[in-house]
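Residue-level listing of the chains:
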Amino acid sequence: MTLLRRTLLALGLPVLLVAVWWWASAGSTDFYRPALSTILAAFADTWTWDRVRADVLPSLARLAAGYLLALTGGVALGVLIGGNRHVRAFLEPLLEFLRAIPPPVLVPVFILLSGVGDRTKVLVIAFGCVWPILLNTVEGVRGRDEVLSDTCRTYRIGGGLRLWHLLLRSASPRIVTGARQALAIALIVMVISEMIAADNGLGFAVLQFQRGFQIPAMWSGVLLLGLIGVLLAWGFRWAERRMLGWYYGQRAGRREW
Amino acid sequence: MTRATAGARAAPALLGLLGLAVFALVFEVAPRLGVVPADYAPPTSRVLAAAGEQVGRPAFWAALADTLLTWGTGLGIAVVAGVGAGVLIGAVPFLRAATATTVEFLRPIPSVALIPLVIVLYGSTIRSTVVLVVYAAFWQVLVQVLYGVADLDPVARDTARSYRLGRRLQLRYLLWPTALPYVLTGIRLAAAVALILAVTGELVIGSPGLGKEIDLAQQGGAVPAVYALILVTGLLGVLANVGLRVLERHVLAWHPSSRREVTPS
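Everything quoted here is computed from the prediction, not taken from an experiment. (Residues numbered from 1 in each chain as written. Chains lettered and ligands numbered in written order. Predicted model: local features only at pLDDT ≥ 70, side-chain atom pairs only at ≥ 80, totals over all residues. Heavy atoms only, no water.)

Moving on, we come to the layout of surface pockets. Size it by volume and the second largest pocket reaches roughly 1100 Å³. Taken together, 40 residues make up the lining of the second largest pocket; nearest its centre are Phe97, Leu98 and Phe127 of chain A together with Phe23 and Phe27 of chain B. Only helix H3 (49–82), helix H4 (85–100), helix H5 (106–114) and helix H6 (118–142) of chain A together with helix H1 (3–33), helix H2 (44–55) and helix H10 (223–251) of chain B provide two or more residues apiece to the lining of the second largest pocket. Residue contributions to the lining of the second largest pocket peak at 7 residues, all from H4 of chain A. Class assignment for the residues of the lining of the second largest pocket results in 37 nonpolar, 3 polar and no charged. (1 Å grid on protein atoms, 1.4 Å probe; cavity = no way out; pocket = protein on both sides within 12 Å on 5 of 7 lines; lining within 4 Å. Points joined across faces, edges and corners; volume = space filled by probe spheres on them. Helix = DSSP H or I, 4+ residues; strand = E, 2+ residues; numbered from the N terminus. Nonpolar A, V, L, I, M, F, W, Y, C, P; charged D, E, K, R; others polar.)

Quick look at the structure:
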């Protein structure tokens, strides 16, 4: 009973919305708003394996490369900056400013500096999404537990052990928060960089359909982009639960107490 | 206050200014020494000169006004809709359970995916960009409001119920004060996202504003102007962030500071 109820609650509204879209658009003669059935048919026709290999996989590869670059760079720099009060004071206003620049406007600049190749897109994705990771790591390292800090000092725990067990562990909830924001930004920058200058990729393909007035194919591309966003977010949540299980358990315990 | 403590307080700010100065200096010297190509990465002085030039152009102010209009309209709609929907959904348990999966599904859809759609539906107009801004900013506000409404203190809720506070009074004295800090956090997060989407929309869709100016400057080969305009968008972002933080502190002056601010998600 409760399982049935929960399934109904979880699936009811999405099914209802899709059904409404399906019926409202059925037999649509509006060129720009095709019927959902047409869009789904176009989806199957458009995103064949060849097209996936030509457009989707390169996009995802650039996204992964840029994101991982930002993750490693952001955490490394964040630990360095967060560990020292003076370095932090020195860099804080600068980082606040760099973070406030909307990342997509950097696409033209990166094209000037390193051409229109894959390297530019990876760099611009990394540069665009590194700030939330970096700033959250700084905050996380700064807000580490003082007792743990002193314990480390007393037992002369230093180097790699201190980095792994004290600094990264204390910062990890904040790093994950930053990484989650960064993933959304990385996806945006990926699409934009391909819309502005590319000869393959999802953003390029979708804009190409729009310019060629292949409207159902364009709608299917929008659906695919949305789907990728949703899958990435779900994947991230899954990884987050695995990595931060200890933290949520600790927090829940504290609340009950 | 002794001079020493005043000095200690001023020191971080001075160090920060020094950081900005060193950054500017590096970008002044590097192109001049040929470390980076001066044609594509002009020295700071030329970027600042270009910024001065921009300030003298009426077209720049028109573009700035357009960007602010797009940003403000989109953010305004998103905040009103997000708070309204959030309070409604959050206060009714059935709605909350029924919409959870839908919110989880719609929220991660990158709003830039909508760019081709709004181009064919509305063309290169401010309206196109506003749609993107609203879509991106709405979820930020909604999710924070949902957190806020869920954070209701059980004792306060039971007290309100014991004293038979009506729906309207509960909304005013129970729900609103609890949710307000979250609402403000949501607005601050939404403002940053809204600015990104406003400028991005202008850049890609070609609706009037700073983003379009950047595109035009780049196509015209006016590289220092590109950097100058990017500088302006960054300053805009900093101003918005600082302004909203000040507002937050002002509006929440009554608030027990012990209440933790939710970590942005």
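With that settled, the discussion passes to the packing of helix H8 (residues 167–205) of chain B against H10 of chain B. Residues and elements named next belong to chain B. It is at 10 Å that the axes of H8 and H10 come closest, and there the two elements cross at 170°. Classed by the angle they form, the pair H8 and H10 counts as roughly antiparallel. Touching Leu180, Leu184, Thr185, Ile187, Arg188, Ala191, Leu195 and Val199 of H8 are Thr233, Leu236, Gly237, Asn241, Leu244, Arg245, Glu248 and Val251, all from H10. Each residue belonging to the contact of H8 with H10 can be placed in one class, and the counts come to 9 nonpolar, 4 polar and 3 charged. (Axes fitted to C-alpha atoms, helices over the stretch in contact; angles between N-to-C directions. Parallel < 35°, antiparallel > 145°, perpendicular 65-115°, else oblique. Contact = heavy atoms within 4.5 Å.)

What follows is about empty space enclosed by the protein. Taken as a whole, this structure holds 2 cavities of 30 Å³ or more when the rule is applied. Computed from the structure, the largest cavity encloses a volume of approximately 50 Å³. Every residue lining the largest cavity is listed: Val107, Ile111, Gly115, Val116, Gly117, Thr120, Lys121, Val124, Ser193 and Ala197 of chain A. For the lining of the largest cavity, the secondary-structure elements that each account for two or more residues are H5 and H6 of chain A. Among the elements that take part in the lining of the largest cavity, H6 of chain A stands out by supplying 3 residues, more than any other. Residue composition of the lining of the largest cavity, by class: 5 nonpolar, 4 polar and 1 charged. Quantified by volume, the second largest cavity comes out at close to 30 Å³. Forming the boundary of the second largest cavity are Leu184, Ile187, Arg188, Leu244, Leu247 and Glu248 of chain B.

Here we take up the confidence of the model for chain B. Residues and elements named next belong to chain B. The predicted model of chain B averages 86 in pLDDT, with 92% of residues at 70 or higher. Mean pLDDT values for the elements of chain B range from 79 in H1 up to 93 in helix H3 (residues 58–91). Confidence drops under a pLDDT of 50 for residues 257–265, and excluding neighbours within four residues, the segment shows 22 contacts in the predicted structure. (pLDDT = per-residue confidence, 0-100.)

Turning our eyes to something else, we now look at the nonpolar core. Burial of nonpolar side chains together is a common tendency in soluble globular proteins. All names here are of chain B. Counting residues in each nonpolar core, the largest one holds 139 residues, and the members touching the most others are Trp71 and Ile115. The dominant element in this core, judged by the number of residues it contributes, is H8, at 18 residues. Leave out the neighbours within four places in its chain, and Trp71 touches Val133, Ala191, Ala194, Leu195, Ala198, Leu236 and Ala240. (Core = buried A, V, L, I, M, F, W, Y, C linked by side-chain atoms within 4.5 Å. Buried < 20%, exposed > 50% of the residue type's maximum accessible area, 1.4 Å probe, protein only.)

Looking now at the packing of H2 of chain B against H10 of chain B. Residues and elements named next belong to chain B. Running from N to C, H2 and H10 point in directions that differ by 75°, and their axes come no closer than 8 Å. Considering the angle they form, H2 stands roughly perpendicular to H10. Residues Arg46, Val47, Leu48, Ala50, Ala51 and Gln54 of H2 pack against Pro224, Ala225, Tyr227, Ala228, Leu229 and Leu231 of H10. A breakdown of the residues in the contact of H2 with H10 according to their chemical character gives 10 nonpolar, 1 polar and 1 charged.

The next subject is a nonpolar patch on the surface. A contiguous nonpolar patch, built from Leu227, Leu231 and Trp234 of chain A together with Phe105 of chain B and spanning about 370 Å² of accessible area, is present on the exposed surface. In terms of residues, the nonpolar patch owes the most to one element, helix H10 (residues 215–243) of chain A, which gives 3 residues. Here Trp234 of chain A falls in the partly exposed class, since its relative accessible area comes to 39%. (Patch = residues over 30% accessible without salt bridge, like charges linked within 9 Å, V, L, I, M, F, W, Y side chains within 5 Å. Areas by Shrake-Rupley, 256 points an atom, 1.4 Å probe, with all protein chains shown as cover. Salt bridge = Lys/Arg side-chain N within 4 Å of Asp/Glu carboxyl O.)

A few words now on the environment of Ser149 of chain A. Residues and elements named next belong to chain A. Locating Ser149 in the fold gives a position in helix H7 (residues 146–154). With 17 residues separating them in the primary sequence, Ser149 and Leu166 have C-alpha atoms 7.2 Å apart. Residues contacting Ser149, with those up to four places away along its chain left out, are Arg144 and Leu166. In terms of polar contacts, Ser149 uses its side chain to reach the side chain of Arg144, at 3.0 Å. (Polar contact = N/O pair within 3.5 Å; in protein donor to acceptor, adjacent residues only side chain to side chain.)

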